[in-house]
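Residue strings, one per chain:
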Amino acid sequence: GTVILSTYTAETGYEELKKLFCEDIVPLKNEIMNETNTNHTITQINDIIIQGIIYSYIIRANNEEINFQVGINDEVPKIKNITSFEMSRLLGIMLDNAFEAVSEISNKKHRTVKLSVYVINNVIKFVIKNKYANKPDIMKVFSNKYSTKGDGRGRGLAILKKIVDKHKDIFLSVIIDEDYFIVELKIYN
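About the cut-offs
- Residues numbered from 1 in each chain as written.
- Predicted model: local features only at pLDDT ≥ 70, side-chain atom pairs only at ≥ 80, totals over all residues.
- Heavy atoms only, no water.
- Phe/Tyr/Trp six-rings, centres within 6.5 Å; stacked < 30°, edge-to-face > 60°.
- Helix = DSSP H or I, 4+ residues; strand = E, 2+ residues; numbered from the N terminus.
- Buried < 20%, exposed > 50% of the residue type's maximum accessible area, 1.4 Å probe, protein only.
- Lys NZ or Arg CZ within 6 Å of the ring centre and 35° of its normal.
- Pairing = 2+ DSSP bridges.
- Axes fitted to C-alpha atoms, helices over the stretch in contact; angles between N-to-C directions.
- Contact = heavy atoms within 4.5 Å.
- Core = buried A, V, L, I, M, F, W, Y, C linked by side-chain atoms within 4.5 Å.

Here the focus is the packing of aromatic side chains. Remark: the centre distance and the inter-plane angle together describe each pair of aromatic rings, the angle taken between the planes. In total, this model carries 3 aromatic pairs according to the counting rule given. A ring pair is formed by phenylalanine 68 and phenylalanine 99, whose centres lie 5.4 Å apart and whose planes are at 75°; its orientation type is edge-to-face. Taken as a pair, phenylalanine 68 in strand 1 (residues 67–72) and phenylalanine 99 in helix 5 (residues 84–103) lie far apart in primary sequence, 31 residues in all. Take phenylalanine 99: its relative accessible area is 0%, and that puts it in the buried class. An aromatic cluster is defined as three or more aromatic residues linked by ring pairs; in this entry it consists of Tyr57, Phe68 and Phe99. Between the NZ or CZ atom of lysine 129 and the centre of the ring of tyrosine 180, over which it lies, the distance is 5.1 Å.

Shown next, in the form of structure tokens:
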């Protein structure tokens, strides 16, 4: 699962991880492409680790009956200013939060998560939108304890912000509109 993957990245070297992706995740690629025709755009991401993380959520979405839509407008170059591990951790947190939020929606038809990746000149933008059951409080979403699910959950955005704050080339914004909770990660590459 995804959790194992993120702890795995913290404790092992790049080569072992690359091996894991090549042996365990890449073979799933064909399977996924046969199942869903929308996710072939994932191959436009040049970083195999980031590709792998997104694939693991495609699989999870299928298992959890979540409508996970991935759209990528262009080839995504390797990101220079942040390691693949940190980047996959950021994406993992963003997607975990989104998946958790939609799993609370009782009507399965409305369990929608959208990941869009835009490349414009030297800027790479990852935008994750999810529907929600209860509208979150925009003023509190970055606090350590805040969650729409009660105590001890929802620390994701606080951790996200902490990682982003270490990098001067990465910006994070959160928007809540009538339908979607939107987290945007903007990277100057």
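A separate point is the sheet that holds strand 5 (residues 181–188). Strand order in the open sheet made by the 5 strands is 1-2-3-5-4, with mixed pairing throughout. In this open sheet, the two strands that pair with only one neighbour each are strand 1 and strand 4 (170–176). Neighbour to neighbour, the strand axes of the sheet diverge by 10° on average, direction disregarded. Relative to strand 2 (residues 112–120), strand 1 runs parallel, the two being bridged by 6 bridges. What sits directly across from glycine 71, in strand 2, is serine 116. Sitting on the sheet, helix 4 (residues 48–64) touches strand 1 and strand 2, and the angle it makes with strand 1 is about 150°. Packing against the sheet, helix 6 (residues 156–165) makes contact with strand 4 and strand 5, and its axis sits at approximately 150° to strand 4.

A few words on the nonpolar core. In terms of nonpolar packing, the biggest core is built from 47 residues, with Ile54, Phe68, Met87, Val113, Phe126 and Leu185 touching the most fellow members. Where this core is concerned, the elements lending two or more residues are helix 4, strand 1, helix 5, strand 2, strand 3 (123–130), helix 6, strand 4 and strand 5. Here this core takes 9 residues from helix 5, the largest share from any one element. Ignoring any residue separated from it by four or fewer positions in sequence, one finds phenylalanine 126 in contact with Ile79, Met87, Leu91, Met94, Leu115, Ser116, Val117, Val183, Glu184, Leu185 and Ile187.

It is worth spelling out unusual backbone geometry at this point. Positive phi outside glycine occurs at glutamate 65, with the angle close to 55°. Tracing the backbone shows glutamate 65 in the loop between helix 4 and strand 1. We note that asparagine 121 has phi near 50°; this positive angle belongs to a residue other than glycine. The topology assignment puts asparagine 121 in the loop between strand 2 and strand 3.

Here we come to the environment of alanine 98. When you line up the elements, alanine 98 lands in helix 5. Distance in space between the C-alpha atoms of alanine 98 and threonine 112 is 8.9 Å, their sequence separation being 14 residues.

When you tally the buried positions in strand 3, you get 6 out of 8 residues, the bulk of the element. Taking the residues that link successive antiparallel strands as the turn, the strand 2-strand 3 hairpin has 2 residues, and the phi of asparagine 121 there is positive, at about 50°. Inspection of the sheet shows strand 3 paired to strand 5 by 8 bridges, in the antiparallel sense. Across the sheet, residue asparagine 130 finds its bridge partner in strand 5, namely phenylalanine 181.

The analysis is restricted to geometry; functional conclusions fall outside its scope.
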